[in-house]
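In case you want the letters, here they are:
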Amino acid sequence: MLIVRDAEEAEARDIAYLLNLAGEGIPEYLWRGGVKGKESPLDVGTRRAAREEGVFSYTRARVCTADNRLVGMVLSYRQPDPYGVGDLSEYPEVVRPLVELEAQAPGSWYINAIATFEGHRGKGVARTLLADVEDRARAKLCDRLSLIVASENPGAKRLYEHIGFKPVTSLPVVPYPGCLHAGDWILMIRDLQGA
Ligand SMILES: CC(C)(COP(=O)(O)OP(=O)(O)OC[C@H]1O[C@@H](n2cnc3c(N)ncnc32)[C@H](O)[C@@H]1OP(=O)(O)O)[C@@H](O)C(=O)NCCC(=O)NCCS
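Just so it is clear, the model here is predicted, and its values are computed rather than measured.

Caption draft 1: Representation of the packing of aromatic side chains within the structure. Applying the stated rule across the entire model yields 4 aromatic pairs. Its end group placed over the ring of Y77, R60 keeps NZ or CZ at 4.2 Å from the ring centre.

Caption draft 2: Up close: the environment of R47. If you trace the backbone, R47 turns up in helix 3 (residues 41-49). Here R47 falls in the partly exposed class, since its relative accessible area comes to 36%. The sequence separation of R47 and G183 amounts to 136 residues, and the corresponding C-alpha distance is 31 Å. Other than its neighbours up to four places away in sequence, R47 contacts G34, K36 and E39. A distance of 3.5 Å separates the side chain of R47 from the backbone oxygen of G34, its partner in a polar contact.

Caption draft 3: Expanded view of the packing of helix 5 (residues 125-139) against helix 6 (residues 154-162). Across the interface, helix 5 lies against helix 6 with an axial gap of 11 Å and an inter-helix angle of 45°. Here helix 5 lies oblique to helix 6, going by the angle between them. By crossing handedness, the relation of helix 5 to helix 6 is classed as right-handed. Residues A126, R127 and L130 of helix 5 lie in contact with helix 6, whose contacting residues are L159, Y160 and H162. Looking at side-chain class alone, the contact of helix 5 with helix 6 contains 4 nonpolar, 1 polar and 1 charged residues.

Caption draft 4: Quick peek at the sheet that holds strand 3 (residues 69-78). In spatial order, the strands read 1-2-3-4-5-7-6; together these 7 strands make up an open sheet with mixed pairing. Each end of this open sheet is capped by a strand with a single partner; those strands are strand 1 (2-6) and strand 6 (166-172). In this sheet, neighbouring strand axes are inclined to one another by 25° on average, regardless of whether the strands run parallel or antiparallel. Alignment of strand 2 (residues 61-66) against strand 3, held across 6 bridges, turns out to be antiparallel. Opposite V63, over in strand 3, you have M73 as the bridge partner.

Caption draft 5: Here's a closer look at the nonpolar core. One finds I15, L19, I26, M73, L75, I148 and W185 to be the most contacted residues of the largest nonpolar core, which totals 36 residues. Take this core: its biggest share by element is 5 residues, from helix 1 (residues 12-22). Setting aside anything within four residues of it in sequence, one finds I26 in contact with N20, V94, V95, L98, Y176 and W185. Listed in part, the 23 residues of the second largest apolar core include A126, L129, A137 and M188.

How each quantity is defined
Residues numbered from 1 in each chain as written. Predicted model: local features only at pLDDT ≥ 70, side-chain atom pairs only at ≥ 80, totals over all residues. Heavy atoms only, no water. Phe/Tyr/Trp six-rings, centres within 6.5 Å; stacked < 30°, edge-to-face > 60°. Lys NZ or Arg CZ within 6 Å of the ring centre and 35° of its normal. Helix = DSSP H or I, 4+ residues; strand = E, 2+ residues; numbered from the N terminus. Buried < 20%, exposed > 50% of the residue type's maximum accessible area, 1.4 Å probe, protein only. Contact = heavy atoms within 4.5 Å. Polar contact = N/O pair within 3.5 Å; in protein donor to acceptor, adjacent residues only side chain to side chain. Axes fitted to C-alpha atoms, helices over the stretch in contact; angles between N-to-C directions. Parallel < 35°, antiparallel > 145°, perpendicular 65-115°, else oblique. Left-handed = near helix turned anticlockwise from the far one by under 90°. Nonpolar A, V, L, I, M, F, W, Y, C, P; charged D, E, K, R; others polar. Pairing = 2+ DSSP bridges. Core = buried A, V, L, I, M, F, W, Y, C linked by side-chain atoms within 4.5 Å.

Structure below.
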């Protein structure tokens, strides 16, 4: 049976690993800049996910377990409204298109990352996590869900379309070392009003 619950600090490594999968390798690329001594980029991600503050904190993550084993994770939160991007040049180049797209869905409940461990895919984990996100957004009286998907990640895009997300606008991916795709980042929105 799949169970969804709040993530725990001790799960920061799994969360960081899954964040990197969901972020198409951008997190690992950014974590490389924070490596100290013999640390790996995943060690840096784990430290960041274990903090209580910051976008990638475990406190924003919900995990899905099967037989008490963590099989997937979603990290989501409400975007500010209004969403001012400020000075874009202060962001690493690779994340600028993502910030610009995020800013076009102010006040929405934003799914920053969702991923399922490789051996547990195709068993409804992501669907279960997305249903949990919807419940949380509705409970907070938020009437729109948003997310960003790569145009060259058709499996994920199809999943979102199946549950009612619609593409709104897109911007080209800025290439980075380890980049999985060229193509575009697509902002998708799901209207919860009347749904
Ligand atoms: C995308 C991802 C989260 C889906 O997770 P999952 O737990 O396997 O998804 P589910 O089992 O809940 O599948 C939900 C539906 O999407 C379909 N689906 C999921 N991944 C698919 C893929 N790669 N190709 C085709 N269909 C896919 C399933 O067939 C299922 O359809 P159905 O409910 O009509 O049968 C998972 O493939 C993953 O972690 N990918 C790497 C990270 C990633 O790309 N995250 C999204 C970034 S935006």
